[in-house]
Amino acid sequence: MPFVTTLTFTSGDRHRLEDIVTEIKQSAEQKGVELKGPHPKQPQELRIPQSKSLGPSGGRFESWNHSVYTRTIEIVGYEEFARTVTQRTFPDAIHVEAGVEQRTQIGSGS
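Residues numbered from 1 in each chain as written. Predicted model: local features only at pLDDT ≥ 70, side-chain atom pairs only at ≥ 80, totals over all residues. Heavy atoms only, no water.

An unreviewed UniProt entry annotates the protein chain as Small ribosomal subunit protein uS10 of Haloarcula vallismortis ATCC 29715. Regarding the protein chain, the relevant UniProt record gives this comment under Function (unreviewed entry): "Involved in the binding of tRNA to the ribosomes." UniProt lists a comment for the protein chain under the heading Sequence similarities (unreviewed entry), and it reads "Belongs to the universal ribosomal protein uS10 family." (UniProt positions renumbered as here; feature names shortened; annotations may be inferred.)

So this is what it looks like as structure tokens:
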């Protein structure tokens, strides 16, 4: 039963996010690692209110709009490669979450 490592990358910097994900994908291809993705999600649009002062009656500036981009990669098996990717240092603009799941193969009877 293979282990599947799911990596979720999020960032407000779409270009840096794409560079990181592309670099991981190319590294996987060079090493013959089975990798699924990257799977993009719809960008999350955030609106952040901005106060003109710290007091309650200070008024507000126009809200700041910010997009958050997400890409998901699945590494099937290849635990050493998955460990190497999760242990590397990523730029501050990139947030990484990792999850590991053991999947039963179809028709294995388990």
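## What to know about the packing of aromatic side chains
Overall, the coordinates contain 1 aromatic pair when judged by the stated rule. Ring geometry for Phe 9 versus Phe 90: centroids 5.8 Å apart, planes at 70 degrees, classification edge-to-face. Of this pair, Phe 9 sits in strand β1 (residues 3–11) while Phe 90 sits in the loop between α2 (79–87) and β5 (95–102); the two residues are 81 residues apart in sequence, bridging distant segments of the chain. We classify Phe 9 as buried; its relative accessible area is 0%. Using a relative accessible area of 14% as the deciding quantity, one classes Phe 90 as buried. (Phe/Tyr/Trp six-rings, centres within 6.5 Å; stacked < 30°, edge-to-face > 60°. Helix = DSSP H or I, 4+ residues; strand = E, 2+ residues; numbered from the N terminus. Buried < 20%, exposed > 50% of the residue type's maximum accessible area, 1.4 Å probe, protein only.)

## A word on the UniProt feature "domain: Small ribosomal subunit protein uS10" (unreviewed entry) in the protein chain
Within this structure's numbering, the places UniProt gives as "domain: Small ribosomal subunit protein uS10" (unreviewed entry) are residues 6–99. Regarding residues 6–99, the helix share stands at 29% and the strand share at 45%, and the terminal C-alpha atoms are separated by 5 Å.

## A few points about the pattern of salt bridges
Between side chains of opposite charge, a pair can form as their charged atoms come close. Enumeration according to the criterion identifies 3 salt bridges in this entry. The salt bridge partner of Glu 18 is Arg 71, with a shortest N-O separation of 2.5 Å. Taken together, the residues span a long stretch of sequence, with Glu 18 in helix α1 (residues 14–31) and Arg 71 in strand β4 (residues 60–76) at a distance of 53 residues. Among the residues examined, Arg 71 registers a relative accessible area of 9% and is labelled buried. Residues Glu 80 and Arg 83 are paired through a salt bridge, measuring 2.8 Å at the closest nitrogen-oxygen approach. Of this pair, Glu 80 and Arg 83 both sit in helix α2, 3 residues apart, which is roughly one turn of the helix. The exposure class of Arg 83 is partly exposed, given its relative accessible area of 39%. (Salt bridge = Lys/Arg side-chain N within 4 Å of Asp/Glu carboxyl O.)

## Observations concerning the nonpolar core
In terms of nonpolar packing, the biggest core is built from 17 residues, with Phe 9, Ile 24, Ile 73, Ile 75, Phe 81 and Phe 90 touching the most fellow members. Ranked by residue count, the leading element in this core is α1, at 5 residues. For Phe 81, the contacting residues outside a window of four places in its chain are Ile 24, Ser 27, Ala 28, Lys 31, Val 33 and Ile 75. (Core = buried A, V, L, I, M, F, W, Y, C linked by side-chain atoms within 4.5 Å. Contact = heavy atoms within 4.5 Å.)

## Thoughts on unusual backbone geometry
Residue Pro 38 is bonded to the preceding Gly 37 through a cis peptide linkage, with omega at 5 degrees. Here Pro 38 shows up in strand β2 (residues 35–40). Positive phi is not limited to glycine here, since Tyr 78 has a value of about 45 degrees. Overall, Tyr 78 belongs to the partly exposed group, its relative accessible area being 41%.

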